[in-house]
Every structure is written in structure tokens, then in C-alpha cells.
Amino acid sequence: MDLWGLTTTALLACVLFLILSLWIQGFKRGKLPPGPTPLPLIGNILQLDTKNINASFSKLAEKYGPVYTLYMGTQRVVVLYGYNIMKEALIDHGDVFLERGDIPIFDDLLKGEGIGFSHGERWKQIRRFSLMTLRNFGMGKRSIEERVQEEAQCLVEELRKTKGQPTDPTFILGCAPCNVICSILFRDRFKYSDEKFLNLMKLLNENFQVLNSPWAQFYNFLPGFRVYLPGKHNIIYRNTDKMNNFIMERVKEHQKVLDPNNPQDFIDCYLSKMQQEKDNPQSKFDLQNLVMTGTDLFGAGTETTSSTLKYGLLLILKYPEVQAKIHEEIDRVIGQNRVPSIKDRQDMPYMDAVVHEVQRFIDLKPLNLPHAVNRDIQFRQYVIPKGTTIFPLLSPVLWDSKEFPNPDQFDPQHFLDKDGKFKKSDYFMPFSTGKRSCLGEGLARMELFLFFTTILQNFTLKPVGDPNDLSIKPNRVGFANIAPNYQLCFLPR
Ligand code: HEM
Ligand SMILES: *[C@@H]1O[C@H](CO)[C@@H](O)[C@H](O)[C@H]1NC(C)=O
């Protein structure tokens, strides 16, 4: 064959190959949920406005319906938009939609251990154990509630030290939820001035900053182009190492004095479990996994809760009539002479509604965390292949305008009936829903109720300047909605 012949054959082969691959793609596409056409390598990235990702997702839902397919770079993602489709996937097909989608940076850091970013059997064992242990009386004599109540009193003492002067509450509100995790993991809380505690707070804050930077978004969403920035990488690796070492030191202290019949905290419970399971070859309970689980609990349980507290106080500050009603209810139900307890919640529908409305309105994690399907599944008229990443969006549910008229208004009436009784809603899912939902939901809801109630039992919140000038627009950091910075005065009541 001459040169021309060879070239023609090669060209022909290429064209055939192209047609074939397009056809296969089209064929696969036919079974996948619909969606915009992706470009090679970068996928649909250009169609997404990362500054207002909600608007982009919402526009696509208008065009393609409540379930559609996108490509983040080369990674295929199926988006779930709205209550019905979320329920169908995460509840009705809960055993399939429960895998965690890959987040490259967490996969690098946690290596598939711990709870939040682990998979399969390891996840199942650690999740079940942790849920049991975090139940109110899962850890020996001192209940979780007592630990949170203790922290709430310390928080109030700390706020008293501001002497009614204008204060940025960010740091103090960060300490309390972090210390609750310390108390659960390590038995005792730290003093807010403790060097070890301040170091821990610093590590967490720094990691949060880096993990929410545009660099991390880029790293996570374009896995094909993993951008290695030595500076950023070093910070989070170093910090995570320090954090793991810190937890490991506590674990070693616990091992020396362990009494398996009398566990006092999470680490004791875990070490006892490890002993029980030592002859079981399937057991995933080892020291490395304990350390990563601890790191996970700090990572998932500190910033989330403190940001909700900070945003909540801002909203109460913005709406004096809400604060007045809260004060009235606290004075009527609890008074000034005893410490609030979780039992009070059933007699405090207004406070309960405020806490729910804060979480609904602020929409802390609009995109949820990514899930994945653990096998091929027929879903509505589509087929979603095993391993496909799923984005079960929370915003469209929390801001559903049929369930919550005027969803963009902060209004505790959203959770009250006409008689002022608390009104439950299935659309309240700031912790997501189904088998992979937030492990700390019970703890977080207890903290939010007890912290807000204890703070307002003890203080009147006073804005610096006119409350009408306070902005309640979120700071979008990465893909989280974080409270804007502000100052306020805590006036003792
Ligand atoms: C206001 C506070 C909080 C909010 C809004 C929140 C929200 C969430 C959300 C949306 C998820 C992802 C669920 C999913 O993938 O379907 C999650 C996961 C998780 N959260 Fe929370 N969370 C909060 C507090 C906490 C606390 C206090 C803890 C500590 C115990 C915690 C521990 C976890 C863990 C371990 C996971 C991973 C669960 C798994 O993959 O199985 N969270 N959280
Ligand atoms: C998301 O965008 C849609 C359409 O622009 C809007 O109606 C909705 O209120 C937005 N939701 C949030 C949580 O901002």
C-alpha cells in the first residue's frame, strides 16, 4: 500500500472510531438522566456560575427536570433537585444512594478511614458504633446533655467577660462546639485559655480556610487537573498530622487506665469495642481508624455548629420582635433560676421554631455532601451506573416555596401552626436525609437548642447601631453559606 492509501485507511479508521464512540456515548446518555452537552475534559464547568451555583442548578432544573446529568470536568454527576426526587433516592432507594462521592482532598487526607469519607463495610461498622455511642447515655454516667449544659454555662461566663461592650462573637462561638467534641471524645472539656485547646482551634480554623478556598474547589471539581500547590498542601497535611498526633496522645493516655466495664467517653468505648472484636478478622476497629474518626468529628462538628450559632444570633439581633418572644417564653417556662434542659423543648414551641427556621433560612450546606450509588440502578426511566457521583441538593428543599411561603424571609411562623404550636415539616433537612445523613444531628440539635436558650436566658442581644443596617446576606465561602461578620453587645438580663 502506498503512503496515500495508508493515510486514507488511518483517517477512515479514526472517523469510524469517532462515530462509534459518539454512538456509544449517545447510547449511554439515552439511559442516563438528561443534561447539557459536555465539552471534552472540562465538561459543563463553563455552564456553572461558581459565584452563584444555586442559580445555575436551578436554571438547569427548569430545563431538564428534577434529575439531570452534568460533567464536572470528566467526572459524571447526577443532580437531585427538589423534595420528591430526594425522598425517592435517599429514602426509597436508601441502600443504593448511601455511598460517599469522592472528594479528592478528603480522600488524600483521610485515606478512606473515619466516617464521613469512608466506604462500604468500614463505614457501616464505624457509623453504627458511633451512632450508638453518641446516644444520650451511650458513654457511661455522664450524659451528652450534661456535657452540653456544662459547656453552655461556661460559654455564658465567657460572654459575661465582654461586659456589654461591642464584641465579634466568632471566636467564642467557635470554642463551645469544639469543646463539646473534646468532652465527648476525651472525657473532659478544656479551659478556653488552655494552650492545647487554643492550638486545636487554630488547626481547625486554618484547615477550614484552606479547604474552602477557591484552590480547594478547583482541586476537588477538576480531578483531571489536580493542581498541586505546595503551600496549601503543606498547611493541611501538616495540620491534619498535628491533629492526628494530638488525638493519638489522648488515646495512649486512655489505654493506660482503660476500664472496659466503665467507659467514660468515646475513646473508652472504642477501645473496649476494639478488645471485644480482636478475634474477628472482619473488624475495622483499629487505632488508625479511631484517630481518623476523631479528626472527622472535629471537622464535621465544630464549624457547622458554630457558624449556625453565629448566624442565628445575627438573625435574632436583626428582628427584635423575635427576641422579645423568645425572652417571654424562656421567662414563662424556665425562669432565671435553673439551667435549661432538652426536656424544656416540648414546652417551648417558639424557641423550637426559631432554631428550625435559623437552620432552614441559612441553608448552611446548600449542596449537601456528594453521594454515590453502590451499584447500577434503574431510577425512574433512567439507569445510573455504579459509582456515579450524586449531588442531593439541600437548597431547593429548604427553600421550597410551596412548603414555606416566602422562603427567602426569616420567619419562625414557617414552623408554627395558627395556635402557636410547633409544626413539623418533612422538608426540614439541613442535615440531609437517609442512611448517610449527618451522624451528629441529635447532638447538633441539642447543642443549638441549649446554647441559644442559655444565651438568651442570660442576655439581651443589642446591635451596634440600627438593626435595619445589619446585613443578613451570607458570606459564600467555598460552597457553604457562612454568617457575615458583625458585632453585638451581650447585656446581662
Ligand atoms: C448545625 C450543625 C450541622 C449541620 C447543618 C450538619 C450537616 C451535615 C450534612 C448536610 C452532612 C452530609 C449528609 C449526607 O451526606 O447526606 C453531614 C455529615 C456528617 N456530619 Fe454533620 N452537621 C452538623 C453538625 C454535626 C456535628 C455536631 C457532628 C459531630 C458529631 C457531625 C458529624 C457528621 C459526620 C460524621 C458526617 C458524615 C456522615 C457519614 O458520612 O456517614 N455533624 N452533616
Ligand atoms: C436559588 O435560585 C432560585 C432561582 O433563581 C431562587 O428562586 C431561589 O430562591 C434560590 N435559592 C436560594 C437558597 O438562594
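Structure first, text after, so check above.
Residues numbered from 1 in each chain as written. Chains lettered and ligands numbered in written order. Predicted model: local features only at pLDDT ≥ 70, side-chain atom pairs only at ≥ 80, totals over all residues. Heavy atoms only, no water.

Here we look at the overall build of the protein
Reasoning step 1: Check the secondary structure of the protein and you find 17 helices and 11 strands.
Reasoning step 2: Computed over C-alpha atoms, the radius of gyration of the protein comes to 25 Å, within 12% of the 23 Å expected from 2.2 N^0.38 for 493 residues, which places it in the range of a compact globule.
Reasoning step 3: For the protein, the C-alpha atoms occupy an extent of roughly 100 × 55 × 45 Å along the three principal directions.
Reasoning step 4: Classification of the 493 residues of the protein by burial places 53% in the buried group.
Reasoning step 5: For the protein, long-range pairs separated by at least 24 residues make up 73% of all intrachain contacts whose partners lie at least 6 apart in sequence.
Reasoning step 6: Looking at the protein, you have 60 positive and 55 negative side-chain charges, and the mean spots of the two groups are 2 Å apart. (Helix = DSSP H or I, 4+ residues; strand = E, 2+ residues; numbered from the N terminus. Rg over C-alpha atoms; globule rule 2.2 N^0.38 Å. Buried < 20%, exposed > 50% of the residue type's maximum accessible area, 1.4 Å probe, protein only. Contact = heavy atoms within 4.5 Å. Lys, Arg positive; Asp, Glu negative; His and termini not counted. Charge placed at Lys NZ, Arg CZ, Asp CG, Glu CD.)

Section: the side chain of Thr-453
Reasoning step 1: Within the fold, Thr-453 resides in helix α17 (residues 441-458).
Reasoning step 2: Owing to a relative accessible area of 0%, Thr-453 belongs among the buried residues under this scheme.
Reasoning step 3: Of the polar contacts made by the side chain of Thr-453, one reaches the backbone oxygen of Phe-449; its length is 2.6 Å.
Reasoning step 4: When neighbours within four sequence positions are excluded, Thr-453 is seen to be in contact with Ile-330, Ile-334, Pro-340, Met-348 and Met-351. (Polar contact = N/O pair within 3.5 Å; in protein donor to acceptor, adjacent residues only side chain to side chain.)

Quick word on the coordination of the iron atom of ligand 1
Each donor-metal-donor angle would ideally measure 109.5 degrees in four-coordinate tetrahedral geometry, or 90 or 180 degrees in six-coordinate octahedral geometry.
Reasoning step 1: The protein gives the iron atom of ligand 1 a lone donor atom, Cys-438 (SG), placed 2.3 Å from the metal.
Reasoning step 2: Tracing the sequence through the fold places Cys-438 in the loop between α16 (395-398) and α17. (Donors = N, O, S within 2.8 Å, 3.2 Å for Na, K, Ca; no water.)

Let's talk about the nonpolar core
One broad trend across soluble globular proteins is that nonpolar side chains are buried collectively.
Reasoning step 1: With 115 residues, the main nonpolar core has Phe-97 and Phe-298 as its most contacted residues.
Reasoning step 2: Looking at this core, the element that brings in the most residues is helix α7 (residues 170-186), giving 11 residues.
Reasoning step 3: Among all residues touching Phe-97, those that are not within four sequence positions of it are Ala-89, Leu-90, His-371, Ala-372, Val-373, Ile-377, Phe-379, Ile-384 and Ile-390.
Reasoning step 4: The next biggest cluster of nonpolar side chains, apart from the first, holds 13 residues, and it includes Leu-48, Ile-53, Met-72 and Val-77. (Core = buried A, V, L, I, M, F, W, Y, C linked by side-chain atoms within 4.5 Å.)

Overview of the site of ligand 1
Reasoning step 1: Within the structure, ligand 1 sits among 28 residues, and Arg-100, His-371, Ser-432, Arg-436 and Cys-438 are positioned closest to it.
Reasoning step 2: Trp-123 places a side-chain nitrogen or oxygen 2.8 Å from an oxygen atom of ligand 1.
Reasoning step 3: Between ligand 1 and Arg-127 there is a distance of 2.8 Å, counted from an oxygen atom to a side-chain nitrogen or oxygen.
Reasoning step 4: If you list the elements that add at least two residues to the shell around ligand 1, you get α5 (120-133), α12 (287-301), α13 (303-318) and α17. (Near = heavy atom within 4 Å.)

Concerning the site of ligand 2
Reasoning step 1: With respect to spatial proximity, the complete set of residues near ligand 2 consists of Asn-54, Ser-58, Asp-363 and Trp-399.
Reasoning step 2: At a separation of 2.5 Å, an oxygen atom of ligand 2 approaches a polar side-chain atom of Asn-54.
Reasoning step 3: For ligand 2, whose accessible area on its own is 360 Å², the fraction buried by protein is 57%.
Reasoning step 4: If you map ligand 2 onto the pockets, it falls in the second largest pocket.
Reasoning step 5: For the shell around ligand 2, a count of residues per class yields one nonpolar, two polar and one charged. (Areas by Shrake-Rupley, 256 points an atom, 1.4 Å probe, with all protein chains shown as cover. 1 Å grid on protein atoms, 1.4 Å probe; cavity = no way out; pocket = protein on both sides within 12 Å on 5 of 7 lines; lining within 4 Å. Sits in = over half its atoms within 2 Å of the grid points. Nonpolar A, V, L, I, M, F, W, Y, C, P; charged D, E, K, R; others polar.)

Things to note about the packing of aromatic side chains
Reasoning step 1: Throughout the structure, instances matching the rule amount to 20 aromatic pairs.
Reasoning step 2: Measuring from ring centre to ring centre gives 5.2 Å for Phe-97 and Phe-379, while their planes differ by 55°; the resulting arrangement is tilted. Of this pair, Phe-97 sits in the loop between α3 (83-92) and β3 (99-100) while Phe-379 is found in strand β5 (residues 377-379), placing the two residues 282 residues apart along the sequence.
Reasoning step 3: Under the relative-accessibility criterion, Phe-97 is labelled buried at 2%.
Reasoning step 4: Ring centres of Phe-361 and Trp-399 lie 6.0 Å apart, and the angle between their planes is 25°; on these two criteria the pair is classed as stacked. A residue pair is termed long-range when its members are at least 10 positions apart, and Phe-361 in helix α15 (residues 349-362) and Trp-399 in the loop between α16 and α17 qualify at 38 residues.
Reasoning step 5: The class for Phe-361 is buried, based on a relative accessible area of 8%.
Reasoning step 6: Trp-399 gets classed as partly exposed once you look at its relative accessible area, which sits at 32%.
Reasoning step 7: Taken together through their ring pairs, the aromatic side chains of Phe-186, Phe-190, Tyr-192, Phe-197, Phe-246 and Phe-298 make up a single cluster.
Reasoning step 8: Across the ring face of Phe-117, the terminal group of Arg-100 is positioned such that the distance to the ring centre comes to 5.9 Å. (Phe/Tyr/Trp six-rings, centres within 6.5 Å; stacked < 30°, edge-to-face > 60°. Lys NZ or Arg CZ within 6 Å of the ring centre and 35° of its normal.)

Purely geometric stuff here, so don't read any function into it on its own.
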